[in-house]
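# Examining the three-dimensional arrangement
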Amino acid sequence: MRKLLLLASVILVGLIFVARLFYLQVYNSTAYNIFEDSAIKKEFTYPKRGYVYDRNGKLLVANQPSYDVMVIPRDVEPLDSTDFYEFCNLLKITKADYIKKFQKAKNYSPRLPSPFVQQLSKSDYAVLQEKMRKYTGFYIQKRSLRSYQTTIGANVLGDIGEVNKSIIAKQPYYRLGDLIGKQGIEKTYENTLRGTKGITFIQKDRFNKNIGPYKDGIYDTLPKPGKDITITIESKLQAYGELLMKNKRGGIVAIEPSSGEILAMVSGPSYNPNLLVGRDRSKNFNKLYRDSIAKPLFDRGLQAMYPPGSPFKTLNALVGLQEGVVTTKDRFSCALGYRYGNRKMGCHVHRSPADMNIGIYESCNAYFANVYRRIIDKYDSPAEGMDNWSKHVKSFGLGNYLNNDLSVGQPGKVPTAETYNRGYGKNRWYTTFTLSNAIGQGEVLATPIQLANMAAAIGNRGYYYTPHIIKTIEDETIPNKFTTPKYTTIDKRHFEPVVQGMHDVYNKGTAKRLKVPGIEICGKTGTAENFAIIDSVKTQLTDHSIFVAFAPKDNPKIAIAVFVENGYYGSRFAGRMASLMIEYYIKGEITRTDMENFVLRYSLEHEYEKPFSNEPFGINRKTILDPIDEKDFQQNIKIKAEINKS
Amino acid sequence: MLRENQRRFRLDWITIILFLLLIGFGYVNILSASHVGEITSYFDMSQPYGKQTVFIGLTFVLIVLILSFEAKFYERFASLIYLVAILALLGLFIFGKDVNGARSWYGIGSMTIQPSEFAKFATALAVAKYISDLQTNMQTLKDQIRVAAIIVLPALLILLQNDAGSTIVYLAFFFVFYREGLQQVYLIVALSVITLAVLALKFGIIAAGILTSVVLVARYFLKNKKRPNILQYIIVLIACIAFSYSVKLFYEHGLKPHQQNRISLWLRLEKDPAKLELMKKREAYNLIQSEQAISSGGWTGKGFLQGTRTTGKFVPEQHTDYIFSTVGEEWGFLGSAFVVLLFIVLIIRILYLAESQKSQFSRVYGYGVASIFFVHFTINTGMVMGLIPTVGIPLPFFSYGGSGLWGFTILLFIFIKLDSNKINEW
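Note that the structure is a prediction, hence the values are computed from the model and not measured.

Cut-off values and rules
- Numbering of residues starts from 1 in every chain and runs along the sequence as written.
- Naming scheme: in the order in which they are written, chains are lettered from A and ligands are numbered from 1.
- Owing to the predicted nature of the model, reporting of local features is limited to residues with pLDDT of at least 70; listing and counting of side-chain atom pairs is limited to 80 or more, with chain, interface and lining totals taken over all residues.
- In this description, any two residues whose backbone-derived C-beta atoms lie within 7 Å of each other are considered to be in contact.
- Counting from the N terminus, the helices are DSSP H or I runs at least four residues long and the strands are E runs at least two residues long.
- In the scheme used here, Gly and all other residues not listed as nonpolar or charged are polar, with Ala, Val, Leu, Ile, Met, Phe, Trp, Tyr, Cys and Pro taken as nonpolar and Asp, Glu, Lys and Arg as charged.
- Orientation is described by lines fitted to C-alpha atoms, with helices fitted over the stretch in contact, and by angles between N-to-C directions that extend from 0 to 180 degrees.
- Relative orientations are named as follows: roughly parallel for angles under 35 degrees, roughly antiparallel for angles over 145 degrees, roughly perpendicular for angles from 65 to 115 degrees, and oblique for any other angle.
- What makes a crossing left-handed is the near helix being turned counterclockwise from the far one by less than a right angle; a clockwise turn instead makes it right-handed.
- Between the buried cut of 20 or more and the exposed cut of 12 or fewer other C-beta atoms within 10 Å of a residue's own C-beta lies the partly exposed class, and all C-beta atoms are placed from the backbone.
- Our arc is simply the arc of the directions from the helix axis toward the C-beta atoms.
- Should DSSP find at least two bridges between two strands, the strands are taken to pair.
- Between the first and last residue of a helix there are one fewer steps than residues, each counted as 1.5 Å, and that sum is the expected span.
- Confidence of the predictor in every single residue is expressed as pLDDT, which spans 0 to 100.
- Here, a nonpolar core denotes buried Ala, Val, Leu, Ile, Met, Phe, Trp, Tyr and Cys residues that are linked to one another through C-beta atoms within 7 Å.
- For the purposes of this description, domain bounds are those given by an automatic or database domain assignment.

## As for the interface of chain B and chain A
Residue-level contacts link 35 residues of chain B with 29 residues of chain A. Of all the secondary structure elements, the ones that give two or more residues to the side of chain B that touches chain A are helix 9 (173–179), helix 15 (285–295), helix 16 (308–311), helix 17 (323–355) and helix 18 (360–384) of chain B. Tallying contributions element by element places helix 17 of chain B first for the side of chain B that touches chain A, with eleven residues. Taken together, the residues that form the side of chain B that touches chain A break down as 16 nonpolar, 13 polar and six charged.

Printed below as a string of structure tokens:
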């Protein structure tokens, strides 16, 4: 027994120690991560963010240096009151700010760096740099901010802002205070533009003194500069589009049909991208974000889903021909509308009976109601007909995300049999229940970019390239999903009559007053009813003005969709704007100055105020044109001249 | 003649190999913990590792010297050696040199020597000599007092020189006395004292009193033969409560503030977060750094000379008392468990050899050696990984320092010499 006491103690101690070591080193320790190791200081060198050029090589976005004061709370030593006062003064903060910021940084992590005061001006930086040595625990991190060489394209270019904690949690590349693309191409091409940070690992001792590179710098990396990109935007056209959209809300998307390149992407109201740079970014962003009425951050060209209205009729004509349920010669009569059962779909006064050509250029509702019924009723059940129709329509890029390189988008909507089965019950609905689809109302929804793409597919006679914004990336090729054509389900031969119909819209139809000399434009007007809830009453507002076009008729160079909220009938605003954009792009100048003056002179702001006026108001026919001040009009003319010069 | 020689030099190679492994691995870690910048020469005398190279070299001279004496020499001259050690300790009060507040060193030129490291083997020899005397009976109080005096004398001198850590090591001899016949009751008292002290500090005197009462009542009723006098029980209870109270008093008024704080941290007595924060920056700083270094090693460690916390000198005194944290960081769980294993195997091997000795002197001495290694290892390693309050004593063969290394080497190799001689004894 006596012999055993020491032996037992030794064995017991051995076991306890091994268990303790296991607890400390294996059980309780996370895998070694050099970034968590406070003995190693990580210094980052931020690369140049890639520049952005427009399709003609004009520089749109460059960089400017910015200086952030960073803090590692654990390393901060208390300052005496004069130094403290001076430090706060240099940073232009109050003592309370200091305490608040310091606490925030400490809460995040006492040993990891947090931004303390961000984006100092160059002059503040120059003064501060001299004294930085005095403030242990603080250091200056140089970063690069964006410098916009233009005032247009905020929705296209987007902006960069500080990463938030949820991004850091998902993508360990980013550290607190880093900048990341938040909107637009800055977001979609973040990885291309940002490059890769360089890292230097420095061994520190317990007094936080640098004692040399960690492992002789074998893990250190040099920063890799971000790549420059060229986008497909034609900045003059973009600027012109934004000018035309002034005092209006809506979207314009112009595409080059032969490549799918987006030439212009306008959303109104817009804002100056320079607002979202530097120390005021969050203040300005909040202001834009909180504007829930004009919604300047909502990209109407990409995100606004509207009923496409009459331009959608062209698709029904194509589906009808493809399915062989109608020929171009078939005529349908129109008695101011189309009667079915005891209901009626109204139409306006025009030649009757109408064949396809007349149907398109006069935009006859009755004609398309007949065609649509034949398409759906071709099969035994409306469900089968509906799915077949839906398949054709979707092949034009409608009803789903375009899957492109834009940071936002909406799928729009194309109904299928399932849509109605859900609404009415299986086999408990008939073609007439869905008749509004014939004229692009009803269950169909599309975004302006989808309509522009549809116009491009018609202009190409049956195929399109996914609309995209990237033209070239330094030393890289663009994804081939943007360079391979996507074919629609309609045979090429069926397009000609529809294209001719659209051309006749300009010759003798709803857009005959919008003709541009020397350019063969094909287009289609559209008008969409819309409603708002005012004091819990569904109230009709002035129609949206819609226009879809491409030009020239053969081998089109541009396809465009214009959407103007509450602009009334299609040719009133959208048609004029589309025709002007086409002329400006193709000719580089405007000959139809009468149209231009109209658009630049008249504002729709009074329309947008109506729902908030608390007073009864008239719509459509009762609406009036509201000119802006002569001074502002002259200003617009001056801007136009400047765009021309640039 | 040849047979005679073989007999004489039956060295226990297992122990020697364990010793060499410890010295070698210890040196590797001192190298890591003490180097600043590039290692230009292992003999760079401006660096601790350079000095350690020389210390280790001299150790082998020392070993040859120890082994060349007759085994009987150590038994015969035990008293004399003890006397010299005591004189050396006394001399410190006159000639000693203060280092970190402790007057434990003689300065000879740039060298320093710490007699307390040598007093251990001297005391072990003296204890062995006394106990192995045929007249000695560890069951008698007279002999208990005398043998206690042998260890108390050096312990007291060391305590007076302000080196409390090294004093604690002398408790190791309890294992020796117990093995050699000390009554069971001492063990019970020793365990009770530790339990009561911890209880009184952690949970208060009342808790200690209640627990004592429960144990006593249970014992009273479980004793089914003749029931002893109830008065005895009451006296024991009062003694226990008085002891608890005195522990508390001693903790609050008898200890120096830094010692008090070490115990407070160990038992987690401090509740005030502000004070705790302050303690973490001061008394617990070493401990926290050391635990972090060990934790960061993971399974296999960061590799030789690759420990970031070791290279950055985050753990103060890392090459001396905190050397085990280097093992933890650079060699990970596998390396540190291996070191623990080396020590355990070494101690068990010495115990095994001690039990197989034919002379009582050798056995008692061997037991002393094992106990001293055990106490050093337990306290040092336990402290470095945060299981035991901070006590500044070195890890045998690992920690930097000539005196320690030589003291432990002499301690061990005298036993190896004694052991090698056992065949010649009848």
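## Considering the packing of helix 9 (residues 235–244) of chain A against helix 19 (residues 571–587) of chain A
Residues and elements named next belong to chain A. The geometry of helix 9 relative to helix 19 is characterised by a closest axis approach of 10 Å and an angle of 155° between their N-to-C directions. As judged from the angle between their axes, helix 9 and helix 19 are roughly antiparallel. Like other packed secondary-structure pairs, helix 9 and helix 19 cross with a definite hand, here right-handed. On the side of helix 9, the interface is formed by Leu-237, Tyr-240, Gly-241 and Leu-244, while helix 19 contributes Met-577, Leu-580, Met-581, Tyr-584 and Tyr-585.

## Brief notes about helix 13 (residues 257–266) of chain B
Residues and elements named next belong to chain B. Turning to helix 13, its buried residues are Asn-261, Arg-262, Ser-264 and Leu-265. Looking down the long axis of helix 13, one finds its buried residues gathered within 165° of arc, a one-sided arrangement. Directly beyond the C-terminal end of helix 13, a positive phi value near 50° is found at Arg-268.

## Quick look at the sheet that holds strand 2 (residues 102–108) of chain B
As a general point, the strands of a sheet are linked pairwise by backbone hydrogen bonds and lie either parallel or antiparallel. Residues and elements named next belong to chain B. With antiparallel pairing, three strands are arranged side by side in an open sheet as 1-2-3. Both outer strands of the open sheet, strand 1 (97–99) and strand 3 (111–113), are each paired with one neighbouring strand and no more. Across the sheet, the mean angle from the axis of one strand to that of its neighbour is 55°, orientation sign disregarded.

## Here's the deal with helix 5 (residues 78–95) of chain B
Residue and element names in this part refer to chain B. In this model, helix 5 (18 residues) spans 25 Å end to end at C-alpha, consistent with the 26 Å of a helix rising 1.5 Å per residue. Buried residues of helix 5: Ala-78, Ile-81, Tyr-82, Ala-85, Ala-88, Leu-89 and Leu-92, and no others. Seen along its axis, helix 5 keeps its buried residues to an arc of 115°; they face one direction. Seen from the buried face of helix 5, the exposed residues on the opposite side, beyond 90 degrees, are Leu-80, Leu-87, Gly-91, Phe-93, Ile-94 and Phe-95. Contact partners of the buried residues in helix 5: helix 4 (71–76), strand 2, helix 6 (115–132) and helix 7 (141–160).

## Some details on the confidence of the model for chain B
When the pLDDT values of chain B are averaged, the result is 87; 96% of them are 70 or greater. In this model residues 1–6 of chain B is a low-confidence stretch, pLDDT under 50, and it forms zero contacts with partners more than four residues away in sequence or in other chains.

## Quick word on the pairing of strand 11 (residues 250–256) of chain A
Residue and element names in this part refer to chain A. A large share of strand 11 lies buried, amounting to seven of its seven residues. Here strand 11 shows two buried faces, one formed by Gly-250, Ile-252, Ala-254 and Glu-256 and the other by Gly-251, Val-253 and Ile-255. Pairing of strand 11 with strand 20 (residues 558–564), which is carried by six bridges, proceeds in the antiparallel orientation. Within strand 20, the position partnered with Ala-254 by the bridge is Ile-560.

## Notes on the nonpolar core
Residue and element names in this part refer to chain A. Membership of the largest hydrophobic core comes to 127 residues, with the highest contact counts inside it found for Ala-254, Ala-452, Ala-455, Ala-549, Ile-560 and Met-581. Split by domain, this core shows at least three residues from each of two domains, domain 1 (40–231) and domain 2 (235–288 + 299–645). With residues near it in sequence (within four places) discarded, Ala-254 still touches Leu-237, Leu-263, Ala-264, Ala-452, Ile-558, Ile-560, Met-581 and Tyr-585.

## A short note on the environment of B:Thr320
All names here are of chain B. For Thr-320, the position within the fold is in the loop between helix 16 and helix 17. Using a count of 20 C-beta atoms within 10 Å as the deciding quantity, one classes Thr-320 as buried. In this structure, Thr-320 is in contact with Pro-394, Ser-399, Tyr-400 and Gly-401, ignoring residues within four places of it in sequence.

## A closer look at the sheet that holds strand 1 (residues 40–45) of chain A
Residue and element names in this part refer to chain A. If you walk across this open sheet you meet the three strands as 1-8-9, and the pairing is antiparallel. Looking at strand neighbours, the two that pair on one side only are strand 1 and strand 9 (210–213), the edges of this open sheet. Recorded for the sheet is a direction-independent mean angle of 35° between the axes of neighbouring strands. When strand 1 meets strand 8 (residues 198–204), the two strands line up antiparallel, connected through six bridges. Among the inter-strand pairings, Glu-43 is bridged to a residue of strand 8, identified as Thr-200.

## Thoughts on unusual backbone geometry
All names here are of chain A. Here the amide bond leading from Ser-352 into Pro-353 is cis, since omega sits at -5°, within 30 degrees of zero. Mapped onto the fold, Pro-353 is located in the loop between strand 14 (343–346) and helix 13 (356–361). Positive phi values are uncommon outside glycine, yet Asn-427 reaches one of about 60°. You can see Asn-427 is positioned in the loop between helix 16 (417–424) and helix 17 (448–459). On the basis of neighbour count, Asn-427 is assigned to the exposed category, with 12 C-beta atoms found within 10 Å. The phi dihedral of Arg-461 is positive, around 60°, even though this residue is not glycine. With respect to the helices, strands and loops of the structure, Arg-461 is situated in the loop between helix 17 and strand 15 (463–464).

## Observations regarding the packing of helix 1 (residues 4–27) of chain A against helix 18 of chain B
At a closest axis distance of 11 Å, the pairing of helix 1 of chain A and helix 18 of chain B adopts a crossing angle of 25°. One finds that helix 1 of chain A runs roughly parallel with respect to helix 18 of chain B. Handedness of the helix 1 of chain A/helix 18 of chain B crossing: left-handed. The residues of helix 18 of chain B that touch helix 1 of chain A, namely those facing A:Leu6, A:Val10, A:Val13 and A:Phe17, are B:Ala370, B:Ser371, B:Phe374, B:Thr378 and B:Thr381. When the residues that make up the contact of helix 1 of chain A with helix 18 of chain B are grouped by side-chain class, the tally is six nonpolar, three polar and no charged.

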